[in-house]
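Coordinate inspection notes
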2 protein chains.
Amino acid sequence: MFNMLKKMKTIVIGKAIKSAESESEKYSVLWGLPVLSSDAVSSVSYACEEILMVLVPVLGIASYKPLMGIAAAIIGMLFILAFSYRQTIECYPQGGGSYRVASENLGRLPGLVAAASLSIDYVLTVAVSTCSGTAAITSAFPQALPFRVEITLFLILLLTIGNLRGLRESSILFGIPTYLFIFSIVAMIATGLVKVFVLGQVPPPADGLPPQTQDITVLLFLKAFSSGCTALTGVEAVSDGVPNFKAPSQKNAKRVLALLASLVFIIFSGVCYLASIYKVAHRENVTVVSQIASKVFGPGSAMFFTVQATTAMILIMAANTAFADLPLLLSFLAKDGFVARSFGSRGTRLSFSNGIMLLFLLSSGLVIIFKAETHLLIPLYAVGVFLSFTLSQTGMFKRWITHRQGNWKHKAVINGFGAFMAAITCVIIAVSKFVNGAWIVLICIPTLVVFMLFIRKHYDKVRDNLAIEESSSDLIVKNPPENYILLPVQSINKSFIKALNYAMTLGKKIEVYHVSTNKEEAEKLKVRFRQLGLDFPLVIEEAPYRNINETLLAHVDKEQARLKKHEMLTVVLPQFVIPKWWHYTLHNQTSLRLKSALVKRRNVAVVTIPYIINE
Amino acid sequence: MFNMLKKMKTIVIGKAIKSAESESEKYSVLWGLPVLSSDAVSSVSYACEEILMVLVPVLGIASYKPLMGIAAAIIGMLFILAFSYRQTIECYPQGGGSYRVASENLGRLPGLVAAASLSIDYVLTVAVSTCSGTAAITSAFPQALPFRVEITLFLILLLTIGNLRGLRESSILFGIPTYLFIFSIVAMIATGLVKVFVLGQVPPPADGLPPQTQDITVLLFLKAFSSGCTALTGVEAVSDGVPNFKAPSQKNAKRVLALLASLVFIIFSGVCYLASIYKVAHRENVTVVSQIASKVFGPGSAMFFTVQATTAMILIMAANTAFADLPLLLSFLAKDGFVARSFGSRGTRLSFSNGIMLLFLLSSGLVIIFKAETHLLIPLYAVGVFLSFTLSQTGMFKRWITHRQGNWKHKAVINGFGAFMAAITCVIIAVSKFVNGAWIVLICIPTLVVFMLFIRKHYDKVRDNLAIEESSSDLIVKNPPENYILLPVQSINKSFIKALNYAMTLGKKIEVYHVSTNKEEAEKLKVRFRQLGLDFPLVIEEAPYRNINETLLAHVDKEQARLKKHEMLTVVLPQFVIPKWWHYTLHNQTSLRLKSALVKRRNVAVVTIPYIINE
């Protein structure tokens, strides 16, 4: 049974990898780019759509000029962030996630706020990206629509397994689709531009756009802007992952960041531009990118399906960014004692398996609760990202003006401006998306922070309890006291005899103890015990309420109370071991419960003596 | 947490009862009758309906003459069974369930077949009766129809709690509704007969009966007969429960059996007769009894609702018969080692709580699977009952002709005739209901029997393994060998020091052992260990795959292989104890897994040394 599970694990996850092989599992620029950029690059496939969803119902045909303005604002924001994070990479060769930057420069609380908001966003990234990936699939194959949730869950499962297998394999597995997406979407943009500008093809008139009911307002602009800001999620991924790059890791990371920013710029502006030329609007169950592809390449053409397929893939790979980063963030938090320590240990394949499993559970839960509806999840999304941008950039700014090293004034301006813009954007998003779901995130972040502080407090307590203050050799008891041994007996059989023989190796002060629920059986036991010819007593106590364990525990407590300093009461428990696990269901589990109760008693040592039953 | 659960248990289940109080928890005739008869008495409320469901679609208005014929046949069967079981009570003062009678007189296999079929039927009794009870409720209040499953599950839960509380309380709690049902249904029958015969009221003409499409055939008659045989389920309950009666228990049991047979006779024949006079047929969502009550007392009258309410109650109480009997049967089987021993031990309230819980789970499962549809469950029902009747009566017959005591010829004839009739009925039911679901039961019975034989085999193996053949004092090792002690260490802290001090009380041959996943930490550990100034070694082994437990276990196996006869390796494990259970989620559970692996090793004693963390 257990061996079968183990074999299955090896098949699914792969063979164990030595700790020393750690170095070879790192990213080159070529494979690091797709793994770390897929989140940022893929978000164009829904960011443009989200902007249009705000504008079109109100502005109708007049939506496309503001669209380009908003796209320009977002791209401006992109470059501010890219320059800011470039500086983070320089200062943090060990990985400059928002959590580290904020906590080192601003203190524990801002660090935890950044960590909490990032964690929430990683979970949302997985949910949003896989749901959008499914939407791309169902745009091409509407007959798959009823199985939306199942498809999405299956995708998350695939990602989980891929990531449990480890880093390098995942970078190749997940890198190729990202490149395919980039090539096909750039081909789409280029073809579209050539058709319009070189061949002079006039796009067909817009069909079914609603009438314009009002002019563009500041509020509408800001609302659309905050919807589009989802395009910028994932920009921080590179600076988080610096130590995952091959040496020279900082240089490679900076190259990847520059490539990433350029890609987002080209793809996002290209898609928005084509959307405005073809006057594309959100339609139920057909994505904006899918409409553009259909207009550029013709509906049902091979290239249309290529764009759909690669869009689906890149979105799924975007979720992979979170699978690379959340477990890493959790491992940092675990090292600092803010989450359970188990998130800090690597699995058999060197990946942080517990973090990966947690992400799997949480994101699947979200997909089920929100029924794989991307548009319901998006409003929860960007607040946390920009909150962590703000904290991280503020941290960098503080760092420059504190340390004042090198070209610090120039650099402080860049990070300061980044922080300022991110803060404003964060407020815009929080306010304009508040009722749509941002409130959930604004409740979750402080809750998580409080939770993490509690965990840290617990770990501190445990450390204080275990720490040795005195000279440690003083703690050793020079003349070990004699052992008091209690040996509970149910009936006199081979298992009991084995335990008895063992007990006699421990010392002379042995008491055999029986809790009786049946007088006749107790009498028989007495006779059989006398036949053994031992020189220590059999104590029999009655349990009129048949509560054997409680009676025994009360006796143990009485004995325990008599102990002097450094003395321990040793309870020897015979336990029979059955080869097949399901056989245990046929035997009372009272001894298990007894053991867990005994082990909570300060001066009681519990010894288990196995007796193996042969089948 | 644990204390809270315990308090809740006391509130729901009641305070613990002493074993010695057992005697006072028994039935008088007055309270034994309702508890043991509710199954048999209540079945009239669906038996008549099941017969009409077979006849009316084919015979239409001509159904009612055959109905009375079938009712007569079933009542004949009832008296045969009553006389047969009377003899069982005489011979089995300790309770003569089919299991005991069949296994004592016919052998192990027939006994287990009887036990398996009875067990299945008890589960079905709970499911069928609570579903019918719910049907009575929804006949009066159709608006409750959509919550059929929920209502049924709630009823089963109430029964479970009531039974967990113990015997006497349940007999009063469940007895009153049975009496109320008996009085109201007898009142209904009497009123109907007076109206027709004394007042000469002509019943209104039958409405909406289908036309007669064929004449009555033998096949149709037998099919209807087997449907109606559900009326006879529960007759054996009294003879099973003889030891539950107050002294003189056999006399009281016989009285209750006679009363039970008379009641079933009066109520079943009365209801069938009124059904034939009023020409009542099965209607969707309105039961036959409810239609009769409405015609006798007028729809919406107080007495109509009384009949509905008490019918619902008696049906629920019928399920209670199974709650009284299945746990008792399981306790017999447990004593003989055919099911898990835990079914043989009484809970804090002296009821067989494990059997009650199992019945709760299985019957709830059936209700959910069959969506609380009585008519789908009924075909599964009667086969098992009549199979166990047959085996039990055959057993009694065999007993008379073997022992040949007293008036044995006369008594053998009665039981032989009972066995013969029960066997014929069983075959009729199995054949005519085969495709409707009886096949499920005919698969389940042999499966259960094989399962029980496997369990017995396991218990036999365990007993043989533990039994002491030699003179038991020879098994005791006269000169206890010295202990080998292995003390794994993670880091040197107070918990380790406590374990170390304890280890030194056990012997001199101590080895401190560390599995290293990090060279620097291992070096630090070495230094700190040297500072303790001890005269035994620290062994450090590296685990390149980070598999600490496996490395340790391999080391233990190596050490174990070196042991001589009677020598044991003692592994001392420090374990820290945290006051709040949820704190355990913050600590690695590796030591738990380690312990369960260590305890499977024949010559390894595992000692747990607690270190309590103060909050």
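Quantities reported herein were computed from a predicted structural model and do not represent experimental measurements. (Residues numbered from 1 in each chain as written. Chains lettered and ligands numbered in written order. Predicted model: local features only at pLDDT ≥ 70, side-chain atom pairs only at ≥ 80, totals over all residues.)

1. Structural notes on the packing of helix 3 (residues 44-59) of chain B against helix 11 (residues 249-278) of chain B
Residues and elements named next belong to chain B. As a reminder of what qualifies: Under this scheme, a helix contributes an axis fitted over its contacting stretch, all axes are lines through C-alpha atoms, and angles between N-to-C directions fall in the 0 to 180 degree range. Every helix listed is a DSSP run of H or I at least four residues long, and every strand listed is a run of E at least two residues long, numbered separately from the N terminus. Each angle receives one of four descriptions, namely roughly parallel if under 35 degrees, roughly antiparallel if over 145, roughly perpendicular if within 65 to 115, and oblique otherwise. The sense of a crossing depends on the near helix, which, turned anticlockwise from the far helix by less than a right angle, makes the crossing left-handed and, turned clockwise, makes it right-handed. The contact rule is simple: place each C-beta atom from the backbone, and if two of them lie within 7 Å, those residues are in contact. Polar here means any residue outside two lists: the nonpolar Ala, Val, Leu, Ile, Met, Phe, Trp, Tyr, Cys and Pro, and the charged Asp, Glu, Lys and Arg; Gly therefore counts as polar.
In contact at an axis separation of 9 Å, helix 3 and helix 11 are set at 45 degrees when each is read in the N-to-C sense. As far as their axial angle goes, helix 11 and helix 3 are oblique. Handedness of the helix 3/helix 11 crossing: right-handed. When helix 3 is examined against helix 11, the residues V44, A47, C48 and L52 are found in contact with a partner set consisting of I267, F268, V271, C272 and A275. In terms of residue class, the contact of helix 3 with helix 11 is built from nine nonpolar, no polar and no charged.

2. Some thoughts on the pairing of strand 1 (residues 484-488) of chain A
Residue and element names in this part refer to chain A. Heads up, the rule is: Each residue is classified by how many other C-beta atoms fall within 10 Å of its C-beta atom, where C-beta atoms are placed from the backbone; a count of 20 or more means buried, 12 or fewer means exposed, and values in between mean partly exposed. A strand pair is defined by DSSP finding two or more bridges across the two strands. Orient the strands so they point away from the viewer, and a crossover whose first-strand-to-second-strand path over the helix runs clockwise is right-handed.
By the criterion of burial, strand 1 is predominantly enclosed, with five of the five residues buried. Side chains Y484, L486 and P488 of strand 1 all project onto a buried face; the interleaved residues I485 and L487 project onto the opposite face, where all are buried too. Sheet analysis places strand 1 next to strand 2 (residues 509-516), joined by five bridges and oriented parallel. Among the inter-strand pairings, L486 is bridged to a residue of strand 2, identified as E511. At this point the chain moves from strand 1, through helix 19 (residues 494-506), to the parallel strand 2, and the crossover so formed is right-handed. Bridge analysis of strand 1 against strand 4 (residues 569-577) gives three bridges, and the strand direction is parallel. Across the sheet, residue I485 finds its bridge partner in strand 4, namely T570.

3. Some thoughts on the domain arrangement of chain A
Here is the rule we go by: Domain start and stop points were drawn from an automatic or database domain assignment.
One can read the domain layout of chain A as domain 1 (25-460) and domain 2 (475-612). One C-alpha centre belongs to domain 1 of chain A, the other to domain 2 of chain A, and the line joining them spans 61 Å.

4. So, the relation of the copies chain A and chain B
Convention followed: Superposition of the copies was done by least squares, using only C-alpha atoms of residues whose pLDDT is at least 70 in both.
For the pair chain A and chain B, the superposition axis carries a translation of 0.0 Å, the fit reaches an RMSD of 0.1 Å, and the rotation angle comes to 180 degrees. Such a combination of rotation and displacement between the chain copies is what one expects of a two-fold axis. By C-alpha distance to the rotation axis, the residue of chain A lying nearest is V607 of chain A, at 2.1 Å. Here 99% of the contact residues of chain A are again contact residues in chain B; the copies associate through an equivalent surface.

5. So, the sheet that holds strand 3 (residues 538-542) of chain A
Taken in spatial order, the ten strands of this open sheet run 3(A)-2(A)-1(A)-4(A)-5(A)-5(B)-4(B)-1(B)-2(B)-3(B), and their pairing is mixed. Bordering the open sheet on either side are strand 3 of chain A together with strand 3 (538-542) of chain B, each of which pairs with just one other strand. Direction aside, neighbouring strands of the sheet carry axes that sit 30 degrees apart on average. Across the sheet, helix 19 of chain A touches strand 1, strand 2, strand 4 and strand 5 (604-612) of chain A together with strand 5 (604-612) of chain B, and the angle it forms with strand 4 of chain A is around 150 degrees.

6. So, the confidence of the model for chain A
Cut-off, in case you're wondering: The quantity called pLDDT is the predictor's confidence in a given residue, expressed from 0 to 100.
Counting all residues, the mean pLDDT for chain A is 86, and 94% of those residues have values of 70 or more. Of the two predicted TM-score estimates for the complex, the pTM is 0.74 and the ipTM is 0.76.

7. Considerations on helix 3 (residues 44-59) of chain A
All names here are of chain A. Rule in force here: In this analysis, the expected span of each helix is defined as 1.5 Å times one less than the number of residues it contains. To get the bend at any residue, fit one axis to the seven residues that end at it and another to the seven that begin at it, then take the angle between the two axes.
Helix length check: helix 3, at 16 residues, gives a terminal C-alpha distance of 22 Å against a target of 22 Å (1.5 Å per residue), a fit within 8%. Along helix 3, the sharpest change in direction is near 30 degrees and occurs at M53; proline P57 comes one to four residues later. Summarising burial for helix 3: 13 of the 16 residues are buried, a large majority.

8. Thoughts on the environment of L380 of chain A
Residues and elements named next belong to chain A. Position of L380 relative to the elements: it lies in the loop between helix 15 (374-377) and helix 16 (382-403). Judged by the 25 C-beta atoms lying within 10 Å of it, L380 is buried. Taking the C-alpha atoms as reference points, L380 and N436, separated by 56 residues in sequence, lie 7.7 Å from one another. The residues touching L380, leaving out its near neighbours within four places in the chain, are L124, G437, A438, I440 and V441.

9. Some details on the pairing of strand 3 of chain B
Residue and element names in this part refer to chain B. Looking at chain direction, strand 2 (residues 509-516) and strand 3 are connected through five bridges and run parallel. Bridge assignment links V512 to a residue of strand 3, and that residue is L538. Handedness of the β-α-β unit built from strand 2, helix 20 (residues 519-531) and strand 3 comes out right-handed.

10. Remarks on the interface of chain A and chain B
Contact with chain A, which involves 67 residues of that partner, is made by 66 residues of chain B. No other element matches the nine residues that helix 19 of chain A contributes to the side of chain A that touches chain B. Its residues assigned to classes, the side of chain A that touches chain B comprises 34 nonpolar, 23 polar and ten charged. Of the strand pairs in this sheet, strand 5 of chain A and strand 5 of chain B are connected by three bridges, and their pairing is antiparallel.

11. What to know about unusual backbone geometry
Along the chain, A247 of chain A connects to P248 of chain A via a cis peptide bond; the corresponding omega equals -5 degrees. As for its placement among the helices and strands, P248 of chain A is situated in the loop between helix 10 (237-240) and helix 11 (249-278).

12. Topic: the nonpolar core
This is how it is decided: Here, a nonpolar core denotes buried Ala, Val, Leu, Ile, Met, Phe, Trp, Tyr and Cys residues that are linked to one another through C-beta atoms within 7 Å.
Formed by 152 residues in total, the largest nonpolar core has its most connected members in V271, A275, I292, L359 and F386 of chain A. Ranked by the residues each element gives to this core, the list is headed by helix 13 (residues 302-335) of chain A, at 20 residues. Leaving out residues up to four positions away in the same chain, F386 of chain A has contacts with C229, A422, T425, C426 and I429 of chain A. V35, A114, M313 and A318 of chain B belong to the second-largest nonpolar core, a separate cluster that totals 151 residues.

13. A closer look at helix 16 of chain A
Within an α-helix, residues lying three or four positions from one another point in the same direction, as the helix has 3.6 residues per turn. Residues and elements named next belong to chain A. For helix 16, spanning 22 residues, the distance from its first C-alpha to its last is 32 Å, which sits close to the expected 32 Å at 1.5 Å a residue. For helix 16, the buried fraction is high: 19 of the 22 residues fall into the buried class. Downstream of helix 16 by one or two residues, R404 has phi in the positive range, about 50 degrees.

14. Description of the packing of helix 4 (residues 64-91) of chain B against helix 9 (residues 218-228) of chain B
Residue and element names in this part refer to chain B. Two elements in contact, helix 4 and helix 9, have axes whose closest approach is 10 Å; the angle formed by their N-to-C orientations is 55 degrees. On the basis of the axis angle, helix 4 is oblique to helix 9. Note that helix 4 runs across helix 9; the crossing there is right-handed. Contacts between helix 4 and helix 9 involve P66, I70, A73 and I74 from the former and F221, A224, F225 and G228 from the latter. Its residues assigned to classes, the contact of helix 4 with helix 9 comprises seven nonpolar, one polar and no charged.

15. Some remarks on the environment of E150 of chain A
Within the secondary structure layout, E150 of chain A lies in helix 7 (residues 148-164). Along the primary structure E150 of chain A and I368 of chain A are separated by 218 residues, whereas in three dimensions their C-alpha atoms are 9.0 Å apart.

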